[in-house]
Amino acid sequence: MSNMSQEKWFSKFIDASLPILATLAAFLVGAVMLLLLKVNPIEAYKAMWEGAFGSQNAIAETLVKATPLLLVGLGICISFRGDVINIGGEGQMIVGAILGTLVGITLVEWSGWIVIPVALLVGFAGGAIWGGIPGVLKAYFNVNEILSTVMMNAIAVQLMNFLLRGPMIDPAQAALASKIPQTARLIDAFHLPRWIPTRLHLGALIAVVLAVLVYILLWRTSWGYRIRAVGQNPDASKYAGIKVKNYVVLALVLSGAFAGLAGAMQVYGVNFRMITDGSASGFTGSAGFNGIVAALFGQLHPIGTIPAAILFGALLVGANKMQRVVQVPSALITALNGLVVVFVVSSEIWRRRRQRRRLAAAELEGEGLLPDENGIIEQPGNEEVES
């Protein structure tokens with residue numbers, strides 16, 4: 001292998017390792033914070049590992065937490081590849097869960113093998129609609145999708161609070177006048193199959209299968225090619241005959257759909273009802289935001305998002321045990337998760353800069369212009385220009 005090929009492979013290896021290095025850096029900073037609290041970092045991180053992977057039940061809980069992160073992350077892979085930023089996963093999860101729950105508490109006489117797939121599809125469709133609205137605003141009215149998806153989150157939260165305190169409230173709670181914002185519990189026939197005696201449900205396997213299908217969509221179909229082409233260069237895509245606006249909308253529709261499916265799956269696989277404390281995270285557990293980081297950690301690749309989602313699921317589950325064992329404040333757990341998010345997102349920015357440098361170097365190499373060790377580009381004929 002030539003030196004140039006070795007350098008390219010090494011550079012790609014560094015890019016792939018950046019999220020892992022970023023996570024380790026976040027843990028190092030977290031260790032300093034633990035030392036300031038007079039806590040042994042080794043003991044704390046050992047408790048975190050045991051909480052996430054120390055037993056069959058711990059592994060199952062990690063995978064349960066990872067499932068919505070993976071589903072949201074798959075949607076993020078699609079939207080970000082299309083160069084549209086979906087920050088609306090929380091709202092899309094809520095809408096998908098509301099519609100999916102409505103199916104379950106309405107069609108109580110139907111068979112579970114019919115209701116469960118229908119409810120998940122309805123949740124998928126609900127998230128698609130909620131994601132498609134910002135997509136249309138972006139494509140046809142040039143409305144910034146970051147702002148519109150965030151605003152759609154707020155609307156979804158208020159819609160959830162209204163429904164769970166009114167039309168969809170558990171009749172038993174309404175009769176007691178307790179007004180706890182929750183729906184009636186789904187009947188046992190509508191629960192996703194579980195791996196007894198854990199809480200691990202069939203949704204985890206469905207999410208992995210969908211990750212493979214999303215990979216096929218993005219890299220083995222014309223739709224996926226067009227989404228990625230629009231994300232790379234909308235002007236060139238338009239010149240090539242691709243209907244750019246349609247694929248901007250499609251990217252956000254699909255992104256919202258997977259978040260909606262995550263919401264419905266939380267109801268049918270974990271909670272068996274919709275319940276909240278009045279905030280989005282009261283139902284979603286912030287999976288709509290954490291899924292973004294999982295996708296970035298996985299290099300916006302559907303297959304890479306699988307281990308990334310498991311990692312962040314492990315962080316969430318393991319952090320709870322760490323808090324109990326070493327008696328650290330809950331704020332530290334939030335800070336540690338936030339550090340991982342900041343470092344991973346920063347590593348993605350650095351990775352993109354490295355990619356731009358490689359592309360620029362490749363263009364110079366193609367033109368016969370190569371910089372020397374002093375940053376001076378030597379041109380044919382011994383002419384020099386500054387890099």
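See the structure printed just above.
I will try to describe carefully the structure that is included in this document. (Residues numbered from 1 in each chain as written. Predicted model: local features only at pLDDT ≥ 70, side-chain atom pairs only at ≥ 80, totals over all residues. Heavy atoms only, no water.)

**What to know about the nonpolar core**
Judged by nonpolar contacts, the single largest core of 92 residues is most densely connected at Ile78, Ile94, Tyr268, Met274 and Phe312. In terms of residue count, the dominant contributor to this core is helix H11 (residues 244-271) (15 residues). Not counting the four nearest positions on each side in its chain, methionine 274 is found in contact with Ile94, Ala97, Ile98, Thr101, Met160, Leu164, Pro181, Gln182, Thr183, Val267 and Phe283. Of all hydrophobic cores here, the second largest spans 5 residues; its members include Val64, Leu200, Ala204 and Val270. (Core = buried A, V, L, I, M, F, W, Y, C linked by side-chain atoms within 4.5 Å. Buried < 20%, exposed > 50% of the residue type's maximum accessible area, 1.4 Å probe, protein only. Helix = DSSP H or I, 4+ residues; strand = E, 2+ residues; numbered from the N terminus. Contact = heavy atoms within 4.5 Å.)

**Some thoughts on the packing of aromatic side chains**
By the definition in use, this model includes 5 aromatic pairs. Judged by centre distance (5.2 Å) and plane angle (70°), the ring pair of phenylalanine 27 and tyrosine 45 falls under edge-to-face. Placement of phenylalanine 27 in helix H1 (residues 3-36) and of tyrosine 45 in helix H2 (residues 41-53) is noted, with a sequence separation of 18 residues between them. On the basis of relative accessible area, phenylalanine 27 is assigned to the buried category, the value being 18%. Here phenylalanine 297 and phenylalanine 312 contribute two aromatic rings whose centre-to-centre distance is 5.8 Å and whose plane-to-plane angle is 85°, an arrangement assigned as edge-to-face. One end of the pair, phenylalanine 297, is in helix H13 (residues 287-297); the other, phenylalanine 312, is in helix H14 (residues 302-326), and 15 residues separate them in sequence. By relative accessible area, phenylalanine 297 is classed as buried at 13%. (Phe/Tyr/Trp six-rings, centres within 6.5 Å; stacked < 30°, edge-to-face > 60°.)

**What to know about H2**
Along an α-helix, a turn takes 3.6 residues, which lines up residues three or four apart on a common side. An ideal rise of 1.5 Å per residue puts 18 Å on 13 residues; H2 measures up with 18 Å between its terminal C-alpha atoms. Among the residues of H2, Pro41, Ala44, Ala47, Met48, Gly51 and Ala52 are the ones counted as buried. Here the buried residues of H2 occupy an arc of 130° about the axis, which is enough to place them on one side. Those residues of H2 that are exposed and aimed more than 90 degrees away from the buried face are Ile42, Lys46 and Trp49. For H2, the side-chain oxygen to backbone nitrogen distance between the N-cap and isoleucine 42 is 2.9 Å, and the N-cap itself is asparagine 40. (Expected span 1.5 Å × (residues − 1). Arc of directions from axis to C-beta. Polar contact = N/O pair within 3.5 Å; in protein donor to acceptor, adjacent residues only side chain to side chain.)

**Section: the packing of helix H5 (residues 112-141) against H11**
Where H5 meets H11, the axes come as close as 5 Å, and the angle between the chain directions of the two elements is 145°. Once H5 is placed against H11, the crossing between them reads as right-handed. Its residues assigned to classes, the contact of H5 with H11 comprises 20 nonpolar, 8 polar and 2 charged. (Axes fitted to C-alpha atoms, helices over the stretch in contact; angles between N-to-C directions. Left-handed = near helix turned anticlockwise from the far one by under 90°. Nonpolar A, V, L, I, M, F, W, Y, C, P; charged D, E, K, R; others polar.)

**Quick notes on the side chain of threonine 62**
Looking at the secondary structure, you find threonine 62 in helix H3 (residues 56-81). Residue classification places threonine 62 among the buried residues on the basis of a relative accessible area of 0%.

**Thoughts on the environment of leucine 24**
Note on placement: leucine 24 falls in helix H1. In this structure leucine 24 comes out as partly exposed when scored by relative accessible area, which is 48%. Along the sequence, leucine 24 and valine 344 sit 320 residues apart, while their C-alpha atoms lie 9.9 Å from each other.

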